[in-house]
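Close look at the chain arrangement
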Amino acid sequence: GQSLEQPSEVTAVEGAIVQINCTYQTSGFYGLSWYQQHDGGAPTFLSYNALDGLEETGRFSSFLSRSDSYGYLLLQELQMKDSASYFCAVQNQAGTALIFGKGTTLSVSS
Amino acid sequence: KAGVTQTPRYLIKTRGQQVTLSCSPISGHRSVSWYQQTPGQGLQFLFEYFSETQRNKGNFPGRFSGRQFSNSRSEMNVSTLELGDSALYLCASSLDGLGRTNEKLFFGSGTQLSVL
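Digging into the overall build of chain A
Check the secondary structure of chain A and you find zero helices and eleven strands. Secondary structure elements in chain A, listed N-terminal to C-terminal, are β-β-β-β-β-β-β-β-β-β-β. For 110 residues, the compact-globule formula gives about 13 Å, and the C-alpha radius of gyration of chain A, at 13 Å, lands near that figure. Every one of the 110 residues in chain A was classed for burial, and the buried ones make up 50%. Partitioning the intrachain contacts of chain A with sequence separation of at least 6 by distance along the chain shows that 56% fall at a separation of at least 24.

Shown next, in the form of structure tokens:
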């Protein structure tokens, strides 16, 4: 089967850096995705890592280590609007669906 | 380009009833998948449709079903509703489905179903 583990909650202050970790177990790995969901909103795609290493997109970066079945999302220069839930996800064995972690709620305070 | 549209936004039903939810994908997208989101379980995959065919199904009872029309619009149906079916039902579309690429899913804002 497939499963993902990520912390349930993280708190930080504006301007800080926060790292959300994700460990996964899967048979047949394609890549690790990250999605952001604000309260009452739709999940939106943030990043995808298929290969080991760091991918940077503005204030957000995502890292993958395939050998450790581990990845993280790094958010820099935190802003209040970054308060949201963040989900890591892997594809199922057939590659046709995403299996999501239970999500990490990030609260950013001033 | 319009995003993924789900209707209705909110729905209240009683146990034993059935419900139909609708999803219009982004124009040109042929794959539509459905997810159930609950506070305790996160997002769980229900099924995925591509060109009117169900390609993959998650681990949900047969009371949950779906279909896709020739214009890629999709509906999901839940029969004999139970209290535990109360959840946010999310629809997501993509061009051709995830496959082995980094194709991303575009989600709608969901239908919040409450079963009383």
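What follows picks up the thread again.
Some thoughts on the interface of chain B and chain A
Residue-level contacts link 22 residues of chain B with 17 residues of chain A. Summing both sides of the interface, chain B and chain A together bury roughly 1700 Å²; the carbon and sulfur share of this comes to 59%. Here chain B and chain A share zero salt bridges between them. Counting only elements with at least two residues in the side of chain B that touches chain A, the list comes to β4 (31–38), β5 (42–50) and β9 (87–94) of chain B. Class assignment of the residues belonging to the side of chain B that touches chain A gives a composition of eight nonpolar, ten polar and four charged.

Looking at the sheet that holds strand β8 (residues 74–78) of chain B
Strand pairs in the sheet, formed through backbone hydrogen bonds, run parallel or antiparallel to each other. Residues and elements named next belong to chain B. Strand order in the open sheet formed by four strands is β1-β3-β8-β7, with antiparallel pairing between adjacent strands. The open sheet is flanked by β1 (5–7) and β7 (64–68), the only strands paired with a single partner. This sheet shows a mean twist of 20° between the axes of neighbouring strands, independent of strand direction. Of the pairings in the sheet, the one linking strand β3 (residues 19–24) to β8 comprises five bridges and is antiparallel in character. Residue C23 lies in a different strand from β8, and its bridge partner there is S74.

Details of the state of the cysteines
Disulfide: a covalent bond formed between the sulfur atoms of two cysteine residues. Within the structure shown, the criterion is met by two disulfides over all chains. Between the sulfur atoms of A:C22 and its disulfide mate A:C88 the distance is 2.2 Å. Every disulfide takes its handedness from the sign of the S-S torsion; for A:C22 and A:C88 that torsion is 80°, giving right-handed. With A:C22 in strand β3 (residues 18–25) and A:C88 in strand β9 (residues 84–91), the pair connects residues that are 66 residues apart, well separated along the chain. Classification of A:C22 by relative accessible area gives buried; the value is 0%. Residue classification places A:C88 among the buried positions, given a relative accessible area of 0%. Paired by a disulfide, B:C23 and B:C91 hold their sulfur atoms 1.7 Å apart.

The rules behind each value
Residues numbered from 1 in each chain as written. Chains lettered and ligands numbered in written order. Predicted model: local features only at pLDDT ≥ 70, side-chain atom pairs only at ≥ 80, totals over all residues. Heavy atoms only, no water. Helix = DSSP H or I, 4+ residues; strand = E, 2+ residues; numbered from the N terminus. Rg over C-alpha atoms; globule rule 2.2 N^0.38 Å. Buried < 20%, exposed > 50% of the residue type's maximum accessible area, 1.4 Å probe, protein only. Contact = heavy atoms within 4.5 Å. Buried area = accessible area lost by both parts, 1.4 Å probe. Salt bridge = Lys/Arg side-chain N within 4 Å of Asp/Glu carboxyl O. Nonpolar A, V, L, I, M, F, W, Y, C, P; charged D, E, K, R; others polar. Pairing = 2+ DSSP bridges. Axes fitted to C-alpha atoms, helices over the stretch in contact; angles between N-to-C directions. Disulfide = S-S within 2.5 Å.

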